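# Survey of secondary and tertiary structure
What follows is each chain in one-letter form.
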Amino acid sequence: MSSLFFLVFLFSSFLTLNVDANPNYVEALSKSLLFFQGQRSGPLPTDQQLSWRASSGLSDGSSANVDLTGAYYDAGDNVKFNFPMAFTTTMLSWSTFDYGEQMGLELQNARVNIRWATDYLLKCATATPGKLYVGVGDPNADHKCWERPEDMDTPRTVYSVSPSNPGSDVAAETAAALAAASMVFREVDSEYSLLLLATAKNVMEFAIKYRGNYSDSLSSSVCPFYCSYSGYKDELMWGAAWLQKATNDPNYKNFIESLGGGDHPDIFNWDSKYAGAYVLLSQRALVNKDINYELYKQEAESFIRKILPNSPSTHYTPGGLMYKLPQSNLQHVTAITFLLTTYAKYMKATQHIFNCGNSVIVNPDTLISLSKQQVDYILGENPIKMSYMVGFGSRFPMRIHHRASSLPSQVLLSKPFNCTEGFQFYHTQNPNPNIVTGAIVGGPDKNDEYPDKRDHYIHSEPGTYINAPFVRPLAYFASRGSA
Ligand SMILES: *[C@@H]1O[C@H](CO)[C@@H](O)[C@H](O)[C@H]1NC(C)=O
Ligand SMILES: *[C@@H]1O[C@H](CO)[C@@H](O)[C@H](O)[C@H]1NC(C)=O
């Protein structure tokens, strides 16, 4: 009893702010998925709802005589970076196959979003034998320009990894994405699902056989944008965990064991995957009672202990937001909140609780309360009453760091903007003309303040990997109604 009391006391100071808050989670879920339409590359379909966008990148891949059209621009620029894109796809897929039944009408939109990425990832993996394409668009040239994706005149350079220039990080993440997506489509399109899984196995084999960091061979084409700072071992564990989940092949488990454990992170993002792998693998320990997975459960719980508000590893803003790093902090909040709600589900299913230091008991509600607080904060329950989801609530970011959003739509003004002409729209104080509905930006600073300035990209830039992990927590709270 006393330990429970202590727990309630400990968290109450963080919860009072939001005690009555109930944003419209159904609307937020819908918008979080609509966002991906604003990031689309390739030929747009007739049912494109964000109608200020038009087709773009239609000859992507042509410099290598392959078709690499489609997929998503990763953030506010016009580059297709497969490393974060594959992570985005893995997280969207995990949200969808784990929580799809609670998504209602949004389930179909989630599948469409996943397929928009996996159609491209399949092409990247199969277009040229012995190569995995890992990106399109010269990021250094792109970042010197401010132009609509529809007008791009920068080099659409094609990047790849191969046995002589390996990239186990990007390959294993691609394998994870394809394997996770194969589970989403298993019931609805078994042929597509089998293709995804077969390709995932091949790409994983390549990742395992030819070890290396993709940053070593691609250097300034991926760094400092999406450098593999944490190396590739975390992706090998993560990729193998997904393959193991999708195939039940014990060889993947043996491979994971051969890695000899991993780091003890306090973060989870497009570069650092151990925490995700631990939570994913811990499902076997908890739900399937498989003793062989006990280690990953321990690791998952030790990760969560580092996240709880009393831990020295995680700072919280005065308004109660988890604060990990200044650059695009909300990516960490959405990804970690994903893991908290996922672990809470495993705990609830098995009536599991665990201990957090001095007789503090962590139960599923502990994790759900903390998650709700983070979700509500992002949706506007914060000291400055700012929703960090564009187009949601009465006050949201108006000057996001996003080329297509800040330039006049090609639909209205068909005259192309060249590389430098667009910067007049970057430097203006005016709000962006096009609303990227559902985009979650990098978020406030450590004092809960938000400047709403285009050039403060660490706060004002959205990213596919910020939104993707948010889908699951939103689906969870949306399906609980107003409770
Ligand atoms: C890959 O990167 C990690 C992290 O920077 C580093 O520790 C490791 O030695 C690198 N591996 C190779 C094979 O270069
Ligand atoms: C872009 O267009 C402007 C005129 O609007 C011109 O002065 C400039 O040279 C052009 N820049 C490039 C890179 O073509």
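Residues numbered from 1 in each chain as written. Chains lettered and ligands numbered in written order. Predicted model: local features only at pLDDT ≥ 70, side-chain atom pairs only at ≥ 80, totals over all residues. Heavy atoms only, no water.

### Regarding the site of ligand 2
Within the structure, ligand 2 sits among N418, T420 and E421. Side-chain polar atom of N418 to an oxygen atom of ligand 2: 2.3 Å apart, as the coordinates give it. Bound to the protein, ligand 2 loses 31% of the 370 Å² it would expose on its own. (Near = heavy atom within 4 Å. Polar contact = N/O pair within 3.5 Å; in protein donor to acceptor, adjacent residues only side chain to side chain. Areas by Shrake-Rupley, 256 points an atom, 1.4 Å probe, with all protein chains shown as cover.)

### Considering the state of the cysteines
By definition, a disulfide is the covalent link that joins the sulfur atoms of two cysteine residues. Scanning all chains against the criterion turns up two disulfides. For C145, the disulfide goes to C419, at an S-S distance of 2.1 Å. Disulfide C145-C419: torsion about the S-S bond near -90°, hence left-handed. Of this pair, C145 sits in the loop between α5 (139-143) and β3 (158-161) while C419 sits in the loop between α15 (403-406) and α16 (423-427), placing them 274 residues apart in sequence. On the basis of relative accessible area, C145 is assigned to the buried category, the value being 4%. Put simply, C223 and C227 are joined by a disulfide, and their sulfur atoms are 2.1 Å apart. Here the S-S torsion is close to 80°, and the disulfide linking C223 with C227 is therefore right-handed. (Disulfide = S-S within 2.5 Å. Helix = DSSP H or I, 4+ residues; strand = E, 2+ residues; numbered from the N terminus. Buried < 20%, exposed > 50% of the residue type's maximum accessible area, 1.4 Å probe, protein only.)

### Regarding the sheet that holds β3
Reading across the sheet, the three strands line up as β1-β2-β3 and stay open at both edges, with antiparallel pairing between neighbours. The open sheet terminates on both sides in strands that have one partner only, identified here as β1 (80-81) and β3. With four bridges connecting them, strand β2 (residues 132-136) and β3 associate as antiparallel partners. Considered in β3, the bridge of Y133 is made with S160. (Pairing = 2+ DSSP bridges.)

### Concerning the site of ligand 1
Lining the immediate environment of ligand 1, one finds N213, D216, Y229, G231 and Y232. Side-chain polar atom of N213 to an oxygen atom of ligand 1: 2.3 Å apart, as the coordinates give it. Within the side chain of D216, one N or O atom sits 3.3 Å away from an oxygen atom of ligand 1. Looking at side-chain class alone, the shell around ligand 1 contains two nonpolar, two polar and one charged residues. (Nonpolar A, V, L, I, M, F, W, Y, C, P; charged D, E, K, R; others polar.)

### Observations concerning helix α3 (residues 82-99)
Taking 1.5 Å per residue, 18 residues should reach 26 Å; α3 reaches 25 Å between its end C-alpha atoms and fits that length. Taken across its 18 residues, α3 has 17 buried, putting it largely inside the fold. (Expected span 1.5 Å × (residues − 1).)

### What to know about the pattern of salt bridges
Considering all chains together, one arrives at 18 salt bridges under this definition. The partner of E27 in a salt bridge is K31, with the nearest N and O atoms 2.7 Å apart. Linking E27 with K31, this pair stays in helix α2 (residues 25-38), spanning four residues, or about one helical turn. Residues K372 and D376 are paired through a salt bridge, measuring 2.8 Å at the closest nitrogen-oxygen approach. Of this pair, K372 and D376 are both found in helix α14 (residues 364-378), four residues apart, which corresponds to roughly one turn of the helix. Across the pair, exposure class does not vary: K372 and D376 are buried alike. (Salt bridge = Lys/Arg side-chain N within 4 Å of Asp/Glu carboxyl O.)

### Considering the pairing of β2
Of all five residues in β2, five are buried; the element is thus mostly enclosed. Relative to β2, β1 runs antiparallel, the two sharing two bridges. Across the sheet, residue F81 finds its bridge partner in β2, namely G135.

### As for α2
Over its 14 residues, α2 runs 21 Å from end to end, which matches the ideal 20 Å to within 8%, given 1.5 Å per residue. In terms of burial, α2 is largely enclosed, as eleven of its 14 residues are buried. Residues Y25, A28, L29, K31, S32, L33, L34, F35, F36, Q37 and G38 constitute the buried set of α2. Taken together, the buried residues of α2 touch α3, α4 (106-126), α14, α18 (464-467) and α19 (471-479). Its side-chain oxygen 3.2 Å from the backbone nitrogen of V26, N24 forms the N-cap of α2. (Contact = heavy atoms within 4.5 Å.)

### A closer look at the UniProt feature "active site" (unreviewed entry) in the chain
The positions UniProt marks with the feature "active site" (unreviewed entry) are H401. Inspection of the secondary structure puts H401 in the loop between α14 and α15. The buried category is assigned to H401, whose relative accessible area is 8%. Those residues in contact with H401, other than ones at most four positions away along the chain, are G76, W146, Y426, R454, Y457, S460, E461 and P462. Of note is the side chain of H401, whose polar atom sits 2.8 Å from the backbone oxygen of R454. (UniProt positions renumbered as here; feature names shortened; annotations may be inferred.)

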